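Residues per chain, in single letters:
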Amino acid sequence: MKKSLVIVAAVAVIVLGGLAVWLFVNLQQQKMANEEMQELAELDKQEMENEYERFTLQYSEMMTQINNDSIVAQLTREQLRTQQLLEELKQTKANDAREITRLKKELATVREVLRSYIRQVDSLNQVNETLRSENMQIRDELAQSERENVGLATEKAKLSEKVAIAAQLDATGITMTPLNKRNKEAKKLKDCKQIQVGFTIAKNVTATNGTKVIYVRIQTPSGSALSGGLFDFENTQVEYSMKKTIEYNGQETPVVTYWNVNEFLATGEYRVSIFADGNMIGAKVFTFAK
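Notes on the structure in this doc start here. No experiment lies behind these values; they were computed from the predicted model shown.

Details of the environment of S222
- As for its placement among the helices and strands, S222 is situated in the loop between β3 (210–219) and β4 (229–233).
- Exposure remark for S222: the relative accessible area of 66% places this residue in the exposed category.
- Taking C-alpha positions, S222 is 8.7 Å from A266, a pair spaced 44 residues apart along the chain.
- A polar side-chain atom of S222 sits 2.9 Å from a polar atom in the side chain of T220.
- Within the local environment of S222, its side chain forms a polar contact with the side chain of S224, the two groups lying 3.2 Å apart.

Here's what the structure looks like:
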């Protein structure tokens, strides 16, 4: 009796330990995805700050190019407004979506107003070589700001790619079972009337929820695919064997598909590949000897 209790306790410890490890890994994945999304928001905010600063410098540059007091006064007002918006942006947290959206709209307005003044200043054509020389420092600062924006854009693109990869679905626990006419596992391939492929779409908190079309492709030992239809994959059409539409809500989702045998099945290796959202999300090779 005591020995049985020890065994039960040991099994419980192992199960709880495995569950703890799974929960830890899952939490770490969620934490990593959230951190990358937060970093993207910070980069987006930094790009906006750099653009506001660049516009402020451009107003300074234009004011040195003209002698029209009225236009200078207008440029000064717009420059002060741009600086005020920049300060508001610096005080705003990157995850404050509503305020960031408002300031992004304000940035678009500032950009349009600045363009209109640039056209006015250009039409006056009052810039001379002396003033151009005095403005070289401002131009250098603008060039530096542009270089910083290019660097930020590159880093943002890399992070966006990492977030996209994290959001991809993952098919696990792939099985392939030949079934006979009684819907039982066929002992021999010649008795196979239907092929069952089952798998689980893993939990993914960063993936987009909703309707998903899952394609299953079975390649025979000769390399050809068991026919079912065609789907688009990497700018070409690929033959699939089965497809199924599911509703995915970010949680583990079991999927089972069937292919009715209508041709001779040779012994050897069969490769099962699973596709969704334009990506191959899982694959496994099965060997049937008889």
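There's plenty left to go through after this.
Quick word on the sheet that holds strand β8 (residues 268–276)
- The 4 strands are arranged β6-β3-β8-β9 in an open sheet whose pairing can be described as antiparallel. Edge positions in the open sheet fall to β6 (242–248) and β9 (279–288), since each of these has one partner strand only. Neighbour-to-neighbour, the strand axes of the sheet open up by a mean angle of 20 degrees, direction not taken into account.

What to know about the pattern of salt bridges
- Applying the stated criterion across every chain yields a total of 9 salt bridges.
- Here R54 makes a salt bridge to E51, at a shortest N to O gap of 3.7 Å. Placement of both R54 and E51 in helix α1 (residues 2–63) is noted, with a separation of 3 residues, approximately one turn of the helix. Each of the two residues, R54 as well as E51, counts as buried.
- Among the charged side chains, a salt-bridge network with shared partners connects R81, E88, E99, R102 and E106.

Quick notes on the rules
- The residue count restarts for each chain, going from 1 along the sequence in the order it is written.
- In keeping with the predicted nature of the model, local features appear solely for residues at pLDDT of at least 70, side-chain atom pairs appear and are counted solely at 80 or more, and the whole-chain, interface and lining totals rest on all residues.
- Neither water nor hydrogens contribute to the side-chain values; these are computed over all heavy atoms in the structure.
- Strands are runs of DSSP state E lasting at least two residues, helices are runs of H or I lasting at least four, and both sets are numbered from the N terminus onward.
- Exposure categories follow from relative accessible area, calculated using a 1.4 Å probe and restricted to protein chains: below 20% of the type maximum is buried, above 50% is exposed, and the middle band is partly exposed.
- The definition of a polar contact used here is a pair of N or O atoms within 3.5 Å, where within protein one atom must be able to donate a hydrogen and the other to accept one, and adjacent residues in sequence count solely through side-chain atom pairs.
- Note on pairing: two strands pair once DSSP finds at least 2 bridges between them.
- Orientation is described by axes fitted as lines to C-alpha atoms, over the contacting stretch for helices, and by angles from 0 to 180 degrees between their N-to-C directions.
- Salt bridges, as used here, are contacts in which a Lys or Arg side-chain nitrogen is within 4 Å of a carboxyl oxygen on Asp or Glu.

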